[in-house]
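The residues making up each chain are set out below.
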Amino acid sequence: MNSLLSIESVLKPIKKSLGEEDYREPLEILLRDLSEESNLLPHGYLGMRTNIINRLKVRADLNEVIKNQELPPPATPVIVAGLPRSGTTFLFDLLHADSNYRSPLTWEIFYPLPLAQNEKTKKERKRKTNTQLSIIKFLVPDLNNIHPLNASLPEECQQITTICLRSIAYALMARAPNYMKYLKTCDFAPAMVWHSRFLQVMEQTNKPTRWLLKDPTHVHHIPELLSAYPGAYFVFIHRNPTATIPSLCSLSSKITSALSTRADKEEIGENLLDYWGCAIEKNLMDRAQIPENRIFDVHFTDFISDPMEQIKRMYAHFGFELNRENEENMHHFLAQEAANKTPSHNYILEEFGLKEKQVRERFKEYTTQFDL
């Protein structure tokens, strides 16, 4: 094992308690894969090591805050999920224009503690975060067109669950076959415990009417989410997997190529098809646990065609109010999006060793149920 990625080396800089031992098994699996399976370049080793250590330091800081006090449960969340590249980010960002919601911002996830009590501190943390993001943008020049990166933007929960070392983010950045297998079947409850703790601590400066959360992998963890957030509302966006799977493969391939000596596109295609096929199969069973008045389904084509119509349908279904100011904020966001349209992200299934018939067969039950 690469000495920089031994568990002793990674844990040595952490000077505070990490709380429960739930991080150790996934950390060991991930570090072993990064050392022995990933073909990382020198800057890839350094980047992954730095990321893991920084996330564990955030966990240790969170643990210091929560260990000696009982914090109230966080505000009820609205959770956006669906296959990656199915419009979840667009839907998430549009909803974020409603002032009743609060989403974890990228800088808050990177540097949450000590809590930022003034604008000067927030500005400095945004600067530090954008400096880190600029390195990623340099290594993967067109990444920002695929998934916009900015300290002030709301970010998805897979960046929060890194503090529990249960996050597909790592498997999208490097070849980690054993870690990917682990993610398919592991107990995700500890990740949601730490996720909830993160929100509890963030609420000490600003408790929202509702949290707005987003992560495609939430389709895989409905029982754990309901355990952490019993009153949660779920919005699922549905798009044909023949469009979403190659897009995600392309994203993973670009990042992996920037950090490793090679990226096996066919292996990436096989692994991501398998992971998301399993995730959707589980979702089709688990979604029955969500009360009908707290689950809303929207088709990607309907949403792209008329976003505000789908938002109004969703609010009516949940019994939420959409006041004039927030509706105007959403229209303003849509106008900005139209004006700042990014270049197309080009990809084909065959580039990743996949065929349309193969993908259709893997997701047959899903596409049939939602008429995709």
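Treat the numbers as computed from the prediction; the structure is a model and nothing was measured. (Residues numbered from 1 in each chain as written. Predicted model: local features only at pLDDT ≥ 70, side-chain atom pairs only at ≥ 80, totals over all residues. Heavy atoms only, no water.)

## Things to note about the overall build of the protein
Phase 1 of the analysis: Summing up its helical and strand segments, the protein has 18 helices and 5 strands in all.
Phase 2 of the analysis: For 372 residues, the compact-globule formula gives about 21 Å, and the C-alpha radius of gyration of the protein, at 20 Å, lands near that figure.
Phase 3 of the analysis: With respect to the principal axes defined by its C-alpha atoms, the protein has extents near 55 × 50 × 40 Å.
Phase 4 of the analysis: Each of the 372 residues in the protein was classed as buried or not, and the buried ones make up 55%.
Phase 5 of the analysis: The contacts in the protein between residues at least 6 apart in sequence include a share of 80% that link residues at least 24 apart. (Helix = DSSP H or I, 4+ residues; strand = E, 2+ residues; numbered from the N terminus. Rg over C-alpha atoms; globule rule 2.2 N^0.38 Å. Buried < 20%, exposed > 50% of the residue type's maximum accessible area, 1.4 Å probe, protein only. Contact = heavy atoms within 4.5 Å.)

## With respect to the packing of aromatic side chains
Phase 1 of the analysis: Going through the model one piece at a time under the given rule, you end up with 12 aromatic pairs.
Phase 2 of the analysis: Look at Tyr366 and Phe370: their rings are 5.6 Å apart centre to centre, the planes differ by 55°, and that puts the pair in the tilted class. Residue Tyr366 shares its accessibility class with Phe370, and that shared class is buried.
Phase 3 of the analysis: Of the aromatic side chains, those joined through ring pairs into one cluster are Tyr233, Phe296, Tyr315, Phe318 and Phe320.
Phase 4 of the analysis: Its guanidinium or amino end placed over the ring of Tyr111, Lys128 lies 4.3 Å from that ring's centre, counting from NZ or CZ.
Phase 5 of the analysis: When the ring centre of Phe320 is taken as reference, the NZ or CZ atom of Arg210 above it lies at 3.7 Å. (Phe/Tyr/Trp six-rings, centres within 6.5 Å; stacked < 30°, edge-to-face > 60°. Lys NZ or Arg CZ within 6 Å of the ring centre and 35° of its normal.)

## Some details on empty space enclosed by the protein
Phase 1 of the analysis: If you walk through the whole model with that rule in mind, you get 3 cavities of 30 Å³ or more.
Phase 2 of the analysis: Looking at the largest cavity, its volume works out to about 210 Å³.
Phase 3 of the analysis: Along its surface, the largest cavity is lined by 18 residues, and Ala171, Ala174, Arg175, Ile268 and Asn271 are the ones closest to its centre.
Phase 4 of the analysis: Going through the elements one at a time, α8 (168-173), α9 (177-185), α12 (241-259) and α13 (265-286) are the ones with two or more residues in the lining of the largest cavity.
Phase 5 of the analysis: By residue number, the principal contributor to the lining of the largest cavity is α13, which donates 4 residues.
Phase 6 of the analysis: Of the residues in the lining of the largest cavity, the class split is 9 nonpolar, 5 polar and 4 charged.
Phase 7 of the analysis: The space that makes up the second largest cavity amounts to roughly 40 Å³.
Phase 8 of the analysis: Lining of the second largest cavity is provided by Ser167, Ile168, Leu183, Phe188, Thr217, His221 and Tyr275.
Phase 9 of the analysis: Class assignment for the residues of the lining of the second largest cavity results in 4 nonpolar, 3 polar and no charged. (1 Å grid on protein atoms, 1.4 Å probe; cavity = no way out; pocket = protein on both sides within 12 Å on 5 of 7 lines; lining within 4 Å. Points joined across faces, edges and corners; volume = space filled by probe spheres on them. Nonpolar A, V, L, I, M, F, W, Y, C, P; charged D, E, K, R; others polar.)

## Concerning the layout of surface pockets
Phase 1 of the analysis: Of the volumes computed, that of the second largest pocket is approximately 320 Å³.
Phase 2 of the analysis: Around the second largest pocket, the lining comprises 18 residues; the ones closest to its centre are Arg102, Leu105, Trp107, Glu108 and Lys122.
Phase 3 of the analysis: Listed by contribution, the elements that provide at least two residues to the lining of the second largest pocket are β2 (101-102), α5 (106-110) and α6 (119-139).

## A few points about the pattern of salt bridges
Phase 1 of the analysis: For the structure on display, the rule yields 20 salt bridges.
Phase 2 of the analysis: Taking the shortest distance from any N to any O, the salt bridge between Asp274 and Lys184 comes out at 2.6 Å. A residue pair is termed long-range when its members are at least 10 positions apart, and Asp274 in helix α13 and Lys184 in helix α9 qualify at 90 residues.
Phase 3 of the analysis: Look at Lys184 and you get partly exposed, because its relative accessible area is 25%.
Phase 4 of the analysis: A single salt-bridge network, built from bridges that share partners, covers Lys184, Asp274, Glu281 and Arg362. (Salt bridge = Lys/Arg side-chain N within 4 Å of Asp/Glu carboxyl O.)

## Some thoughts on unusual backbone geometry
Phase 1 of the analysis: Each neighbour pair has its own omega, and for Leu113 with Pro114 the value is -10°, a cis peptide bond.
Phase 2 of the analysis: Relative to the helices and strands, Pro114 resides in the loop between α5 and α6.
Phase 3 of the analysis: Despite not being glycine, Asn39 has its phi angle at roughly 55°, a positive value.
Phase 4 of the analysis: Here Asn39 shows up in the loop between α2 (24-36) and α3 (42-66).

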